[in-house]
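If you want the building blocks of each chain, they are given just below.
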Amino acid sequence: MSIITEQSMLATMALQKDQAAGIIRPAEDQAEAGSFSDLMKQKVVSVNTDQNLASARTAAVETGESDDLVGAMVASQKASLSFSAMVQIRNRLVAALDEIMKMPI
């Protein structure tokens, strides 16, 4: 279980800001990470890990093993957002498949 500090949070936010601005680009080696199905499997595992971590932190707060209520709430929100994003991706994939199925041959 990793502890998020103020410095690590600021470093992550700075990295994401640079990535959003296009300053940091992925290396050419990382562009060929594998197939689409492999990528989706990795993301599903990641969402599942977030959900399990949130559940564990919430249970620890509820049983009194931990007093890190803020950490539990942040983990819960992160899990919720990652799950919502995955559902949106699934919905768009299903809509794209429907469009493909409607195309005339």
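The following refers to the structure shown. This structure is a prediction, so every number in the text was calculated from the model and none was measured. (Residues numbered from 1 in each chain as written. Predicted model: local features only at pLDDT ≥ 70, side-chain atom pairs only at ≥ 80, totals over all residues. Heavy atoms only, no water.)

### Description of helix H3 (residues 36-63)
In step 1: Taking 1.5 Å per residue, 28 residues should reach 40 Å; H3 reaches 41 Å between its end C-alpha atoms and fits that length.
In step 2: What H3 keeps buried is the set Val-47, Asp-50, Ala-54, Arg-57 and Ala-60.
In step 3: Two residues or fewer past H3, Gly-64 is found with a positive phi of approximately 90°. (Helix = DSSP H or I, 4+ residues; strand = E, 2+ residues; numbered from the N terminus. Expected span 1.5 Å × (residues − 1). Buried < 20%, exposed > 50% of the residue type's maximum accessible area, 1.4 Å probe, protein only.)

### So, the environment of Val-44
In step 1: Its location among the elements puts Val-44 in helix H3.
In step 2: Residue Val-44 is classed as partly exposed on the basis of its relative accessible area of 41%.
In step 3: Val-44 sits 39 residues away from Phe-83 along the chain, and the two C-alpha atoms are 8.8 Å apart.

### A look at helix H4 (residues 69-102)
In step 1: Counted at 1.5 Å a residue, the expected span for H4 with its 34 residues is 50 Å, and the 49 Å between its end C-alpha atoms agrees.
In step 2: Among the residues of H4, Gly-71, Ala-72, Ala-75, Ala-79 and Ser-82 are the ones counted as buried.
In step 3: Buried residues along H4 sit in contact with H3. (Contact = heavy atoms within 4.5 Å.)

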